[in-house]
Structures are given as C-alpha cells and as structure tokens.
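Fold and geometry: a report
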Amino acid sequence: MSAIRAARIAVACVVPAELGLMVCLATGVRFPGWALAAAEVLVLGVLLLEVRVLRGLYAAERRRGAERGEARRAAVRAVVPVQVRRLVRHELRAAASLGWWAVRRRHGVREGDLAAAYTGPQTAMMYGMVFVAVVETVALSFLIPWPTVHRVVLVLDVYGVLLVLALHAACVTRPHVVRPDGFLRIRYGALFDLVVPPDAVGSVRVDRRYPEGRLVTVSEDGVLDLIVGGQTTVTLELTRPLPFTRPLGARGEARVVRFHADEPRALVAALREGRPVRP
C-alpha cells in the first residue's frame, strides 16, 4: 500500500472517530486513561503520516515548477478525498451563511443584478424539521433516564438543528443571480453552483414540473434537474453542453437545465433582457 493511499484511508477513518470522541468527552462520557492515551497516540501517528506525505507531495509539485499556493492545493487534493473536502467546505460555508443571514446580506449579488430566490417550496419543511428536532430534544430529556446518554443526544440534536438552519441560511443568502450582461448563476446553497454564460443560453421559459429524484438528478440525455421542494419552474435549453459538479464532487454535463425560482417569470424576463434568446 502506497503512503498516499494509507494517508487517504487514515483521513477517512480516524478523523470521524476523533470527532466522535470529542463529542463524547464534551458530553461528560468517561473513558479509561489508557483508552484516551491510545486514541491520542493513534491521532498523533496519523498527523505525522499526513505531514510526511503532504511535505513530499508539496516538494514534488514545487520541483515541477508549481507556485506555492498551487503546490499546497495539489498536495491536499492528492491526500484528502474529494467528498471529505466538499463536505468540510459546505459545513464552513453554511456556518458562515448564518452570519450573512443574520445581517440580511447575500453572497455574490452585486448592484444591478437580479437575485432570484428559490427557497419558497422548502421553507415550511425546514422550519418544520427544526420544530420537530426541538420537540424531540425536550421529549427525550424527560424520557431518557441516563444522564450521559441524554447529554450525547442533546449535543447531537443541537448540532442537527444548527445544521438545518445553516442549510436554509445558505439557500437564502445564495440565490440565483442574473447579471446585466446575461450571465446566469444557478445555485443551491453551498452545495451546487453553475455559471451559464450568455452564449450558452439557447432558450429559456417558465415551465413548472414535478420531477422525482434527489436534489441533483441527471438523465441519460443530459437533462439536469435541480429540484427544490419536489418541483422546478424554469427550463433552460443550452446551445452546448456545460460541465457541472455534483454536491459530493462527481462531474457531469448538461444540455438542458431545469431549476426552481420563486418568481420564474421575473428571472426569465431578466435573462431575456440581458441577452436575446431564441424562442
């Protein structure tokens, strides 16, 4: 097994285990001293392995002529799986979105841009999930007789509530954007981001559909559905296939993009005004 593969496996296994250990310690779970020492020795060993592998990869990239920043990014990409990188990036951006939401600011929206919200179909569901989580937390505080288990569940429930609020905040603060020059930015929170240049727009129309599937669904003929609350309201036909990245890093190409906007007619009108499109 190569050192790079060993480092990737270590990141995928040891880091979640360390996070779980931290949650347990924060909630008052007591472990034998030898168990904590063994865990810390394991984590230290993993960190040393990561440093050794990253230094080697960084040095190799520098010898090839890469700049320092690009060499660092290349080393991290080689060691940390793309799914882990994207999940961590999403968590950080979602957490930052709570601050943007609190001060009523939006990300990536400049003066003269049209910001098109898309959270309408999911807002009630999001707040419903938060309400259910809060009720569950209160109920379990009375039903669980073991203090340690109660503290663990409390931490997990609070984290779940914050995660749902952060996801909704990311969607509110990162709307679709139509720029005056005809560029269209289609987003879903921090999970999906596709920029469509004006020359790639073939036609656009209001078209309400109720497709089945996950958030990002792609058919064999290149139709991309970005589903919010079980529906899409805008159909965008492209003049050429555009590459896109799924939430966990997988890549694909789309010839048609169907997505939701709370006010689809305003978005379609702004896009047509920015660049005339074929009917």
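My aim in this report is to walk through the structure given alongside it, one point at a time. (Residues numbered from 1 in each chain as written. Predicted model: local features only at pLDDT ≥ 70, side-chain atom pairs only at ≥ 80, totals over all residues. Heavy atoms only, no water.)

What about the pairing of strand β9 (residues 251-259)?
- By the bridge criterion, four bridges tie strand β7 (residues 223-226) to β9 in an arrangement that is parallel. In the strand pairing of β9, Leu 226 is matched with Phe 259.
- What sits between strand β8 (residues 232-245) and β9 in their antiparallel hairpin is a turn of five residues, with Gly 249 showing a positive phi close to 105°. (Pairing = 2+ DSSP bridges. Helix = DSSP H or I, 4+ residues; strand = E, 2+ residues; numbered from the N terminus.)

Brief notes about the sheet that holds β7
- If you walk across this open sheet you meet the five strands as β5-β8-β9-β7-β6, and the pairing is mixed. A strand with exactly one partner marks an edge of an open sheet, and here the two such strands are β5 (201-209) and β6 (216-218). Adjacent strand axes in the sheet meet at a mean angle of 35°, parallel and antiparallel pairs treated alike.
- Examined bridge by bridge, β6 and β7 share three bridges and lie antiparallel to one another. Among the inter-strand pairings, Val 218 is bridged to a residue of β7, identified as Leu 224. (Axes fitted to C-alpha atoms, helices over the stretch in contact; angles between N-to-C directions.)

Quick look at the sheet that holds strand β2 (residues 176-178)
- Spatially, the four strands line up as an open sheet ordered β1-β2-β3-β4, and their pairing is antiparallel. One side of each edge strand has no neighbouring strand; the edge strands of this open sheet are β1 (114-116) and β4 (192-196). Each strand of the sheet is rotated relative to its neighbour by a mean of 15°, with strand direction disregarded.
- Relative to β2, β1 runs antiparallel, the two sharing three bridges. Residue Leu 114 lies in a different strand from β2, and its bridge partner there is Val 178.

Points about the pattern of salt bridges
- Per the counting criterion, the structure on display carries seven salt bridges.
- A salt bridge links Arg 110 to Asp 113; the nearest nitrogen and oxygen atoms lie 3.8 Å apart.
- A residue is classified by how much of its surface remains accessible, and Asp 113, at 14% relative accessible area, is buried.
- Two residues, Glu 237 and Arg 205, come together in a salt bridge whose shortest N-O distance is 3.1 Å. One end of the pair, Glu 237, is in strand β8; the other, Arg 205, is in strand β5, with 32 residues separating them in the sequence.
- Residue Arg 205 is classed as partly exposed on the basis of its relative accessible area of 31%.
- One network of salt bridges, with partners in common, ties together Arg 205, Asp 207, Arg 209 and Glu 237. (Salt bridge = Lys/Arg side-chain N within 4 Å of Asp/Glu carboxyl O. Buried < 20%, exposed > 50% of the residue type's maximum accessible area, 1.4 Å probe, protein only.)

Comments concerning the environment of Val 134
- Structurally, Val 134 can be placed in helix α5 (residues 120-143).
- When the C-alpha atoms of Val 134 and Leu 154 are compared, they prove to be 9.9 Å apart, with 20 residues separating the residues in sequence.

Some thoughts on the environment of Val 132
- Residue position: Val 132 is located in helix α5.
- For the pair Val 132 and Val 161, spaced 29 residues apart in sequence, the C-alpha to C-alpha distance is 9.5 Å.

Quick word on the packing of aromatic side chains
- Evaluation of the coordinates by the stated rule reveals two aromatic pairs.
- With 5.9 Å between their ring centres and 35° between their planes, Tyr 118 and Tyr 188 make a pair best called tilted. Taken together, the residues Tyr 118 in the loop between β1 and α5 and Tyr 188 in strand β3 (residues 184-188) connect sequence positions 70 residues apart. You'll find Tyr 118 and Tyr 188 in the same group, each marked buried.
- Relative to Phe 244, the ring of Phe 192 has its centre 6.3 Å away and its plane inclined at 50°; by these criteria the two rings are tilted. In this pair, Phe 192 is assigned in strand β4 and Phe 244 in strand β8, connecting sequence segments 52 residues apart.
- By relative accessible area, Phe 244 is classed as buried at 3%. (Phe/Tyr/Trp six-rings, centres within 6.5 Å; stacked < 30°, edge-to-face > 60°.)

By themselves, these are just geometric observations and shouldn't be taken as functional.
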